[in-house]
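Close look at the chain arrangement
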Amino acid sequence: MSENKHRVSRRQFLNYTLTGVGGFMAAGILMPMVRFALDPILKEEAGTEMVPVAQVKDLTTEPQRFDFKVKVKDAWYESEEPKSAWVYKDEKGEVIALSPICTHLGCTVNWNGDKAHPNQFFCPCHFGRYTKDGTNIPGTPPPAPLHRYEYKVKDGKLYLGKAKPRGEV
Amino acid sequence: MKWTVYDVEMYEKEKQYIDTVVIPLMPLTLSSGAKAAVSGGEFVQLLTNEIERQLKGRLFLLPPFTYFVTEPISECTKRLNDWTNELKESGMDHVFYVTSDRQWKEIEQQLSGTLFSFPAVPFEHMDEAYKRQIVQEQTTKLLNAFISQWT
Ligand code: FES
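Heads up: these notes are all about the structure in this document. A quick note: this is a predicted structure, and the numbers were derived from the prediction, not measured.

The rules behind the values
Residues numbered from 1 in each chain as written. Chains lettered and ligands numbered in written order. Predicted model: local features only at pLDDT ≥ 70, side-chain atom pairs only at ≥ 80, totals over all residues. Heavy atoms only, no water. Disulfide = S-S within 2.5 Å. Helix = DSSP H or I, 4+ residues; strand = E, 2+ residues; numbered from the N terminus. Buried < 20%, exposed > 50% of the residue type's maximum accessible area, 1.4 Å probe, protein only. Pairing = 2+ DSSP bridges. Contact = heavy atoms within 4.5 Å. Buried area = accessible area lost by both parts, 1.4 Å probe. Salt bridge = Lys/Arg side-chain N within 4 Å of Asp/Glu carboxyl O. Polar contact = N/O pair within 3.5 Å; in protein donor to acceptor, adjacent residues only side chain to side chain. Nonpolar A, V, L, I, M, F, W, Y, C, P; charged D, E, K, R; others polar.

1. Some remarks on the state of the cysteines
Residues and elements named next belong to chain A. With the rule as written, the count across this model stands at 1 disulfide over all chains. Note on cysteine connectivity: Cys107 is disulfide-linked to Cys125, with sulfurs 2.1 Å apart. Judged by the sign of its S-S torsion, about -85°, the cystine formed by Cys107 and Cys125 is left-handed. Of the two residues, Cys107 sits in the loop between β4 (95-98) and β5 (110-111) while Cys125 sits in the loop between β6 (121-123) and β7 (128-130), which places them 18 residues apart along the sequence. Take Cys125: its relative accessible area is 1%, and that puts it in the buried class.

Here it is as structure tokens:
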């Protein structure tokens, strides 16, 4: 009787410990999986943060280049990525903030970079060109317009968010 | 483009557009003069990274060509020219070297690629803002030099 009791309690003991350990193991395996699943979502949020870039009163009808930094997290560490934007006000007073990244292979475009084609954005890599509003000029390599930054104006300051393909902003 | 899987995939797809290789030339030593060598190398790395960012669609930034300062310059030259010929054979039209090691300037004519050399800047005594300004200035200079080679 006493032996029997002893045996049961040992079984119970094993039961408890094994479920306990198993639970820990399962958690150990599952936690990173959950993290993996959620991580892209978390990252997305970090990327949409808006950063102050310029004073609205400094903007002109001529595109000007503004440099700024955004925090990025890649697989290994967090760092600051330098970014730039070409910003101007159109005839309606609307702010246009263009990404300088050429939609062809990613070089940095310049306003008025090519003397032969004034008032255009010019990409020095394969001579891609865009009109002032960022539309790619047919016959040059870029396949799409320059991306536009999401923006907001608060307290006289211009904040930029993510650059998105035209039509999505 | 950088020496990464992602960029190499792009290179393989868009080969016809990528005709330029940039190689930082970087002296190594751990004896006296190490600090100067490192600070020159660091500067070159800052410069070439920034250039890569701005012109990534046309150029490939390779890992640095490294050599011990005790390696005779004739040996280095031979090795570097071998790299260069290899690259030209795989379809690169321009091979640009960027360095702050003065030695190369003296044997420039013997090189198969184009040399861009910069005086080493004593970064250790500079504050961040000034440092950034210098890198910016030199980058613009180098950028224009590259672009004028292309046209
Ligand atoms: S990267 Fe701009 S035209 Fe090719």
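2. Here we look at the pairing of strand β4 (residues 94-99) of chain B
Residue and element names in this part refer to chain B. β4 sits mainly inside the fold: 6 of its 6 residues count as buried. Going residue by residue along β4, you find His94, Phe96 and Val98 tucked away on one face and Val95, Tyr97 and Thr99 tucked away on the opposite face as well. Sheet topology note: the strand β1 (residues 20-28)/β4 ladder contains 6 bridges and is parallel. Within the sheet, the bridge partner assigned to Ile23 lies in β4 and is Tyr97.

3. A short note on the interface of chain B and chain A
Each partner contributes residues to the interface: chain B has 14 residues there, and chain A has 12 residues. Across the interface of chain B and chain A, roughly 1200 Å² is buried in total on both sides, 57% from carbon and sulfur atoms. There are 0 salt bridges connecting chain B and chain A. Here chain B is connected to chain A by 4 residue pairs in polar contact (both at pLDDT 80 or more). Listing elements by their share of the side of chain B that touches chain A, those giving two or more residues are α1 (5-14), α2 (34-55) and α5 (128-150) of chain B. Across the side of chain B that touches chain A, the residue classes tally to 6 nonpolar, 3 polar and 5 charged.

4. Notes on unusual backbone geometry
Residue and element names in this part refer to chain A. Positive phi, close to 60°, is recorded for Asn112, a residue that is not glycine. Mapped onto the elements, Asn112 comes out in the loop between β5 and β6. Look at Asp155: it is not a glycine, yet its phi comes out positive at around 50°. Inspection of the secondary structure puts Asp155 in the loop between β8 (148-154) and β9 (157-164). Using a relative accessible area of 72% as the deciding quantity, one classes Asp155 as exposed.

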